[in-house]
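Chain and residue survey
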Amino acid sequence: MNKPYWGLWGLLLTALIFFVVLSFWQDGIRIGSFELKTASFASDLGAPMKHHKVVKNTKADADGKSAEEQQAKDWRAPLDTTAKSILFIGDSMLEGLAPRLAKYCDKNGHTLVEVIWYSSSTKVWGESGRLAELIAKYKPNYIFICLGANELYVTDIKRARRHYVKKILAEVGDIPYVWIGPPNWDEDTGINDLIEQEVDEGCFYLSAHDQFERSRDGAHPTRTSAHLWMDRVVKWLGEKGAHPIRLGYPGEGTSRASHIVIYQPPK
């Protein structure tokens with residue numbers, strides 16, 4: 001390098017050293033009436049690195065939904081594979097449904113308490129407080145309900161029965177449940193709509209549009225048809241229910257609940 005450049009490089013180096021040293025005086029340096037402010041160079045050297053927030057690009061999925069919208073769709077609980085203590089309450093429809101559910105329970109390690117209250121309704125159960133008593137006694141961690149068949153023709157149903165449906169659900173509390181709607185043999189006055197409005201999403205199986213073979217009374221499904229009905233409920237629970245549990249297919253046939261309670265028709 002030529003000698004004339006040595007002086008220039010020396011001057012630049014001296015200036016750099018001066019400003020670096022100056023940056024370590026927090027209050028600056030005063031010379032007469034002039035004040036030299038310190039730079040932030042030294043403090044910036046010792047300061048921790050700042051992490052900038054990364055804003056993710058919410059790309060739409062194949063259905064045109066954003067990541068947030070997709071997450072909102074995932075409201076179902078994951079499959080619960082633990083053994084359950086199941087309480088199944090309802091009207092005489094349990095005669096066909098419960099033995100088939102008992103078969104599923106035997107296959108999958110669950111216990112089942114079956115409670116049939118003949119000719120009962122949401123009003124009868126809601127007024128009685130019996131569900132709360134049964135829960136306290138048997139301590140279930142899953143509940144099946146089948147009610148509404150005896151209320152297909154109630155007039156002004158939403159005013160007359162909404163309070164009782166709410167009462168039943170209040171007694172269920174935080175226990176996961178499935179409410180199986182009545183197997184309509186005729187157009188109802190609104191019992192299915194009422195129940196569906198009140199229960200949690202993914203907790204109501206609408207049976208009204210299913211096809212059934214009927215017994216002689218024209219209302220109750222035959223035993224074979226009721227077993228297929230329960231199979232459909234179980235399939236729906238696994239695919240669309242809010243709280244799916246382990247209910248692997250048990251093969252044909254029925255079984256007997258661990259405990260059966262029968263209440264006679266209300267007076």
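Residues numbered from 1 in each chain as written. Predicted model: local features only at pLDDT ≥ 70, side-chain atom pairs only at ≥ 80, totals over all residues. Heavy atoms only, no water.

Considerations on the packing of aromatic side chains
- In this structure the tally under the stated criterion is 6 aromatic pairs.
- Summarising the aromatic geometry, the rings of Tyr142 and Phe144 are spaced 5.6 Å apart at their centres and angled 40° between planes, so their arrangement reads as tilted. Comparing Tyr142 with Phe144 shows no difference in burial state: the two are buried.
- Clustering of aromatic rings is evident, with ring pairs tying together Phe88, Tyr142 and Phe144.
- For Arg130, the ring lying beneath its charged end belongs to Trp117, and the centroid distance is 4.3 Å.
- Across the ring face of Tyr263, the terminal group of Arg130 is positioned such that the distance to the ring centre comes to 3.7 Å. (Phe/Tyr/Trp six-rings, centres within 6.5 Å; stacked < 30°, edge-to-face > 60°. Buried < 20%, exposed > 50% of the residue type's maximum accessible area, 1.4 Å probe, protein only. Lys NZ or Arg CZ within 6 Å of the ring centre and 35° of its normal.)

Regarding the nonpolar core
- Ranked by internal contacts, the top residues of the largest apolar core, which has 34 residues, are Leu87, Val115, Trp125 and Trp179.
- Residue contributions to this core peak at 6 residues, all from helix H7 (residues 157-172).
- Dropping the residues within four chain positions of it, Val115 is found in contact with Leu87, Phe88, Ile89, Gly90, Leu94, Trp125, Leu134, Val261 and Tyr263. (Core = buried A, V, L, I, M, F, W, Y, C linked by side-chain atoms within 4.5 Å. Helix = DSSP H or I, 4+ residues; strand = E, 2+ residues; numbered from the N terminus. Contact = heavy atoms within 4.5 Å.)

Things to note about the side chain of Glu114
- Here Glu114 shows up in strand E4 (residues 111-117).
- For the buried Glu114, no salt bridge is present, and the opposite-charge side chain at shortest range is Arg256, 6.8 Å distant.
- Excluding its chain neighbours within four sequence positions, the residues that come into contact with Glu114 are Phe88, Leu94, Ala98, Ala257, His259, Ile260 and Val261. (Lys, Arg positive; Asp, Glu negative; His and termini not counted. Salt bridge = Lys/Arg side-chain N within 4 Å of Asp/Glu carboxyl O.)

A word on the packing of helix H4 (residues 94-108) against helix H9 (residues 223-240)
- Orientation of H4 relative to H9, taken along the N-to-C sense of each, is 55°, at an axis distance of 8 Å. Here H9 runs oblique to H4, going by the angle between their axes. Here the hand of the crossing between H4 and H9 comes out right-handed. Here Glu95, Gly96, Leu97, Arg100, Leu101 and Tyr104 of H4 lie close against H9, whose contacting residues are Arg223, Ala226, His227, Trp229, Met230, Asp231 and Val234. (Axes fitted to C-alpha atoms, helices over the stretch in contact; angles between N-to-C directions. Parallel < 35°, antiparallel > 145°, perpendicular 65-115°, else oblique. Left-handed = near helix turned anticlockwise from the far one by under 90°.)

As for helix H8 (residues 191-198)
- Where H8 is concerned, the buried positions are Ile191, Asn192, Leu194, Ile195 and Glu198. Buried residues along H8 cover an arc of 160° about the axis, so they all sit on one side.
- Elements in contact with the buried residues of H8: H7, strand E6 (177-180) and strand E7 (204-205). (Arc of directions from axis to C-beta.)

Side note on unusual backbone geometry
- We note that Ser119 has phi near 60°; this positive angle belongs to a residue other than glycine.
- For Ser119, the position within the fold is in the loop between E4 and helix H5 (122-128).
- Backbone geometry places Asp156, a non-glycine residue, at a positive phi of 50°.
- Along the polypeptide, Asp156 turns up in the loop between strand E5 (142-146) and H7.

Quick notes on the pairing of E4
- In terms of residue burial, E4 counts as a mostly covered element, since 6 of its 7 residues are buried.
- Alignment of strand E3 (residues 85-90) against E4, held across 6 bridges, turns out to be parallel. By the bridge assignment for E4, Ser85 is matched with Thr111.
- The pairing of E4 with strand E8 (residues 259-263) spans 5 bridges and is parallel. Note that in E8 the partner of Glu114 across the bridge is Ile260. (Pairing = 2+ DSSP bridges.)

Digging into the sheet that holds E3
- Pairing is parallel across the open sheet formed by 6 strands, whose spatial order is E7-E6-E5-E3-E4-E8. The open sheet has two free edges, formed respectively by E7 and E8, since each of these has just one partner strand.
- Set on the sheet, helix H6 (residues 130-138) makes contact with E3, E4, E5 and E8; between it and E3 the angle comes to about 160°.

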